[in-house]
Amino acid sequence: MATLTFLGATGTVTGSKYLFEQEGSSFLLDCGLFQGLKELRLRNWNPLRVNLATLDAVVLTHAHIDHTGYLPRLVRQGYHKPVYCTEPTRDLLEIMLLDSAHLQEEDAKYANKKGFSKHKPALPLYDTADAKKAISLLKGIPYETEFEVAPGIRARFRDAGHILGSAFAIVSWTEKDRAKRIVFSGDLGRPGRPVLRDPRKIKAADYLLLESTYGDRLHGESDPQEELKKIILRAVEKKGAVLIPAFAVGRTQELLYTLRALESASRIPEIPVYVDSPMAIRATRLYLKHTQIYDKEANALLKGGEEVLLTKHTEFTESVEASKRINGQRGPCIIISASGMLTGGRILHHLIQRLPDSRNTVVFVGYQAEGTRGRALQNGRDNIKIHGRYIKAQASVETISDFSAHADYREIMEWLKYFGEAPRKTFIVHGEPDASSHLQNLIRNARGWETHIPVYEEKIVLD
Ligand SMILES: [Zn+2]
């Protein structure tokens, strides 16, 4: 009998990791890092309850670090077999795992400087060499192409519409002459979003693993394109700059698409747009390369020889010098930079320059976690501390809340309608407890499906 062990994303949205075992074959579905609360982050340091000597493979649904960031740690513990993912995910991970390793090294350096680690010297969770080894194990598989994961286990990726390269993993095996199938939703995207195709249908599964990030929330009814337009027009009138802190992968490209659409419809004037984050620039180049993932609208632009992501004056400021030159830009402009919650990165330099000037505007387009500078500004704090000094917050601060890449519960329920028959069991994962149980109740009441919310390290027989 096949079994499934839940090694992460239970009661939380981070640390996605599920061990699938069947007849001596096994693979790990997703290999995510725990993030956020300290008690969760400490789990990254615990030995993983997986026999690495017999693990046949790792399968990744998409590149986000909460689904992939543990991979170099797995490699550090001796894992050296294949890691399957889609081709765009492989390309993204070449950038993202190195960046994650760099952050781990920085954390260890900081702990050593401040002397707050129990270990002397503090070691990183993994380093650049581990990340490089992990990257060398990646095997890119085209969408909708069946491949063997481990003896007797086959899998296929299907477009999940969440970020570039995101996929559902459809895994099948045979038990007592009966074909069985489990579907891992990974992160479920949203219909009708820019650039990416809508999440594809799944019509049948014996078992379903379903994410529930927005299991108790609905996205607003407002049109983020319209909101962004208004904010930009106000800033142009004041002759100010628009600063947009944004996650490098996904959010930045959605913004670029939206800006291009507004400009080509003459709804905003042609003003300079700077993409000022090395990781966002590299990720944007991958979005420009992997046009096979585009939806109908993006494809039509491509075929007509038009730009999909670039306005007339979009500039990628990769070098530090180019980034500094933006400081000299007077008059209206748009600066998209990381990090998305103002916890670090080049956006901080722009804030030092521009936050004290009331002509400028800071626009949040993503979730701002408790304790971050982003949340403080959003809450109306009139100064924030950057690099040891207080910066006056005189610029306007705006929030557009509807740029999410996760399906809300209405969209999840719509996607479930494609299933012809109820799965034997649906496991609700990847959500805070309230979100998961709200979604569970909805599915029980609307569909009558058998559902279960697993707990950390629970092992379940797929009977
Ligand atoms: Zn994700």
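Residues numbered from 1 in each chain as written. Predicted model: local features only at pLDDT ≥ 70, side-chain atom pairs only at ≥ 80, totals over all residues.

1. Observations regarding the domain arrangement of the chain
Considered domain by domain, the chain is made up of domain 1 (3-217 + 405-461) and domain 2 (224-399). Centre-to-centre separation of domain 1 and domain 2, based on C-alpha positions: 29 Å. With 14 residues of domain 1 at the contact, the number on the domain 2 side is 17 residues. Looking at the side of domain 1 that touches domain 2, its residues break down into 10 nonpolar, no polar and four charged. (Domains from an automatic or database assignment. Contact = placed C-beta atoms within 7 Å. Nonpolar A, V, L, I, M, F, W, Y, C, P; charged D, E, K, R; others polar.)

2. Focus on the pairing of strand 8 (residues 153-159)
On a regular strand, one side chain projects to one face of the sheet and the next to the other, so that they alternate. Along strand 8, the buried face is formed by Ile153, Ala155, Phe157 and Asp159; none of Arg154, Arg156 and Arg158, which line the opposite face, is buried. As paired elements, strand 7 (residues 147-150) and strand 8 share three bridges and run antiparallel to each other. Looking across to strand 8, one finds that Glu148 is bridged to Arg154. Remark: two residues form the turn of the hairpin made by strand 7 and strand 8, two consecutive strands paired antiparallel; Gly152 in that turn has positive phi of roughly 85°. (Buried ≥ 20, exposed ≤ 12 C-beta atoms within 10 Å, placed from the backbone. Helix = DSSP H or I, 4+ residues; strand = E, 2+ residues; numbered from the N terminus. Pairing = 2+ DSSP bridges.)

3. A few points about the nonpolar core
Soluble, globular proteins show a tendency: their nonpolar side chains are buried together. By size, the foremost hydrophobic cluster in this structure holds 128 residues, and its most contacted members are Phe27, Val59 and Ile244. It is helix 4 (residues 87-114) that contributes the most residues to this core, six residues altogether. The two domains that each donate at least three residues to this core are domain 1 (3-217 + 405-461) and domain 2 (224-399). (Core = buried A, V, L, I, M, F, W, Y, C linked by C-beta atoms within 7 Å.)

4. Regarding the sheet that holds strand 10 (residues 178-184)
Sheet architecture is open: seven strands sit in the order 7-8-9-10-11-20-21, paired in mixed fashion. Looking along the sheet, the strands with just one partner apiece sit at the ends: strand 7 and strand 21 (451-452). Helix 14 (residues 433-447) rests against strand 20 (425-429) and strand 21 of the sheet, and its axis sits at about 155° to strand 20. (Axes fitted to C-alpha atoms, helices over the stretch in contact; angles between N-to-C directions.)

5. Some words on the sheet that holds strand 22 (residues 459-461)
Spatially, 6-5-4-3-2-1-22 is the arrangement adopted by the seven strands of the open sheet, whose pairing is mixed. Sheet topology places strand 6 (138-141) and strand 22 at the edges, where each strand pairs with a single neighbour. Each strand of the sheet is rotated relative to its neighbour by a mean of 25°, with strand direction disregarded. Here three bridges tie strand 3 (residues 25-29) to strand 4 (residues 57-59), and the two strands are oriented parallel to one another.

6. Comments concerning helix 11 (residues 347-354)
Among all positions in helix 11, only Ile347, Leu348, His350, Leu351 and Arg354 are buried. Buried residues along helix 11 cover an arc of 160° about the axis, so they all sit on one side. Looking at the buried residues of helix 11, the elements they touch are strand 12 (241-245), strand 15 (333-337), strand 17 (383-386) and strand 18 (389-392). (Arc of directions from axis to C-beta.)

7. Let's talk about the pairing of strand 10
Relative to strand 10, strand 9 (residues 167-175) runs antiparallel, the two being bridged by seven bridges. Note that in strand 10 the partner of Ser172 across the bridge is Arg181. Counting the residues that bridge the hairpin from strand 9 to strand 10 gives two residues, and of these Lys176 lies at a positive phi of roughly 45°. In this sheet, strand 11 (residues 207-211) lies alongside strand 10 in parallel orientation, the contact comprising three bridges. Residue pairing in the sheet places Phe184 in a bridge with Leu209 of strand 11.

8. Points about the packing of helix 4 against helix 5 (residues 128-136)
Orientation of helix 4 relative to helix 5, taken along the N-to-C sense of each, is 160°, at an axis distance of 8 Å. The orientation of helix 4 relative to helix 5 falls into the category roughly antiparallel. At the point where helix 4 passes helix 5, the crossing takes the right-handed sense. Facing Leu93, Glu94, Leu97, Leu98, Ser100, Ala101, His102 and Glu105 of helix 4, the residues of helix 5 in contact are Thr128, Asp130, Ala131, Ala134 and Ile135. Here the contact of helix 4 with helix 5 is built from residues that sort into seven nonpolar, three polar and three charged. (Parallel < 35°, antiparallel > 145°, perpendicular 65-115°, else oblique. Left-handed = near helix turned anticlockwise from the far one by under 90°.)

9. Topic: unusual backbone geometry
Omega for the bond connecting Ala338 with Ser339 falls within 30 degrees of zero, at 10°, which places this linkage in the cis form. Summarising the element assignment, Ser339 is placed in the loop between strand 15 and helix 11. The phi dihedral of Lys176 is positive, around 45°, even though this residue is not glycine. Locating Lys176 in the fold gives a position in the loop between strand 9 and strand 10. Positive phi, close to 50°, is recorded for His387, a residue that is not glycine. Mapping His387 onto the fold places it in the loop between strand 17 and strand 18.

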